[in-house]
Amino acid sequence: MRRRALVLVLVAGAALALVAVAYAGNGGFAPVSPKSPPASRINDTYKLIALLTGIILVVVEGALITFVVKYRRRDRPRTAEGPQIHGATRLEMLWTALPVLILAGIVVFVFYKLPGIRNVPAAKAEGGPLVVRVDAHQFYWQFTYPNGATSINELHVPAHRVVRVNIYSQDVDHSWWIEALHGKFDAIPGRVNHTWFKTDRAGTFVGQCGEFCGVYHEAMVARVVAGTPAQYEAYLASVRNPQVLGAQEWRGTCAQCHGFTGAGGYGPNIQANATLVSPEGLRRLLMNGQNQLAPTSSYMPPVGRGWNNAQFAALEAYIKARVYKGSPSGG
């Protein structure tokens, strides 16, 4: 009875594990469906390794279970010694050589796929790749386009066009990862990394910072929105509007901690804080942060590091129009 109960528990546990995997689908067990050439090559590599390791698991575990059942003790006394088998030279050579061949095959396949993942295509027919700068901050993403326009947390690109992203960090280590489009690339202070993608359709592709970077790491979500060239140009024109840019900056940088109305959250209520309407004070706070040294219970990262004058002016204008609730004389 104990053995049967143990077997039932093991079977039930395996069934629950498989149900969880099946329910998770691409969100848990397998990569999401690739929508760009680099992601497709990563997906191909994953499938090859998963297939080979799956076969090895079935063969090894199947042989183990077979031998356990077939050669179990049964009614023999515990002191009885089982048959001693020697001299399976061919078998020993086989299980030594086969793993080497499998690993060599995987290495060859990976090196075959790697150039298409790392190397940015020339894209001469398109006038070269669209080059976008990605700056990682605690706790948001900033995108700078070739014409100097900026956006927060949402990168707009033309569909079916090669896009190169140059990845920077303005504070700590982050990781830029839009899983459907490319692999994971670290954003490291003092170093520039890059990757590329080319969406195979219009749509929105969501990613997450893949490196723990602080208290709001889980909220550091990025979106790549691919549309027509006309939609791309229209978006660039829209973020030139200070109110649009200021709203993005407020939602992406300030509201994470202080709430969308500034009434407080993880950070304090700042609706009536006169620093909001003091251009010099606000800029100094955004550039330097607050409470950098221990104790850091009121720590604020330097969220505006690397901003240009237009970005500071846009946030100042938005705060005065939509957020600040203090005395009018404060502005």
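Residues numbered from 1 in each chain as written. Predicted model: local features only at pLDDT ≥ 70, side-chain atom pairs only at ≥ 80, totals over all residues. Heavy atoms only, no water.

It is worth spelling out the pairing of strand S5 (residues 163–169) at this point. Of all seven residues making up S5, five are buried, and the element is well covered by its neighbours. Here strand S1 (residues 130–137) runs beside S5; their pairing, made up of seven bridges, is parallel. Each residue of the ladder has a partner; that of Arg-133, found in S5, is Asn-166. Note: S5 against strand S8 (residues 193–197), five bridges, orientation antiparallel. By the bridge assignment for S8, Val-165 is matched with Thr-195. (Buried < 20%, exposed > 50% of the residue type's maximum accessible area, 1.4 Å probe, protein only. Helix = DSSP H or I, 4+ residues; strand = E, 2+ residues; numbered from the N terminus. Pairing = 2+ DSSP bridges.)

Moving on, we come to the sheet that holds S1. Taken in spatial order, the five strands line up as S3-S2-S1-S5-S8 in an open sheet, and their pairing is mixed. Strand pairing shows two members of the sheet lacking a second neighbour, strand S3 (150–152) and S8, which therefore form its edges. For this sheet, the mean inter-axis angle between neighbouring strands, taken without regard to orientation, is 25°. Alignment of strand S2 (residues 140–144) against S3, held across three bridges, turns out to be antiparallel. (Axes fitted to C-alpha atoms, helices over the stretch in contact; angles between N-to-C directions.)

Further remarks concern a nonpolar patch on the surface. A contiguous nonpolar patch, built from Leu-51, Ile-55, Ile-56, Val-59 and Val-60 and spanning about 450 Å² of accessible area, is present on the exposed surface. Within the fold, Leu-51 resides in helix H2 (residues 37–70). Here Leu-51 falls in the exposed class, since its relative accessible area comes to 52%. (Patch = residues over 30% accessible without salt bridge, like charges linked within 9 Å, V, L, I, M, F, W, Y side chains within 5 Å. Areas by Shrake-Rupley, 256 points an atom, 1.4 Å probe, with all protein chains shown as cover. Salt bridge = Lys/Arg side-chain N within 4 Å of Asp/Glu carboxyl O.)

With that settled, consider the side chain of Gln-248. Here Gln-248 lies in helix H5 (residues 242–258). Those residues within four positions of Gln-248 in sequence are excluded, and the remaining contacts are Ser-151, Ile-152, Tyr-235 and Val-239. (Contact = heavy atoms within 4.5 Å.)

Okay, the domain arrangement of the protein next. Here the protein is described as being made up of domain 1 (31–65 + 91–119), domain 2 (124–233) and domain 3 (242–323). Taking the mean C-alpha position of each, domain 2 and domain 3 sit 23 Å from one another. Facing the 14 residues of domain 2 at the interface are 17 residues of domain 3. Where domain 2 abuts domain 3, roughly 1,300 Å² becomes buried across the two surfaces, and 49% of that area is made up of carbon and sulfur atoms. At the junction of domain 2 with domain 3, the criterion picks out zero salt bridges. Of all the secondary-structure elements, those providing two or more residues to the side of domain 2 that touches domain 3 are S2 and S3. Examining the composition of the side of domain 2 that touches domain 3, we find that three residues originate from one element, S3, more than from any other. Its residues assigned to classes, the side of domain 2 that touches domain 3 comprises six nonpolar, seven polar and one charged. (Domains from an automatic or database assignment. Buried area = accessible area lost by both parts, 1.4 Å probe. Nonpolar A, V, L, I, M, F, W, Y, C, P; charged D, E, K, R; others polar.)

Let us now look at the pattern of salt bridges. The final tally for this structure, using the stated rule, is three salt bridges. Residue Lys-113 pairs with Asp-44 through a salt bridge whose shortest N-O separation is 3.0 Å. With Lys-113 in helix H3 (residues 89–118) and Asp-44 in helix H2, this residue pair connects regions lying 69 residues apart in the sequence. With a relative accessible area of 31%, Asp-44 lands in the partly exposed category. In this structure, the salt-bridge partner of Lys-198 is Glu-126, at a minimum N-O distance of 3.8 Å. In this pair, Lys-198 is assigned in the loop between S8 and strand S9 (203–208) and Glu-126 in the loop between H3 and S1, connecting sequence segments 72 residues apart. Classification of Lys-198 as partly exposed rests on a relative accessible area of 30%. Residue Glu-126 is classed as partly exposed on the basis of its relative accessible area, which comes to 29%.

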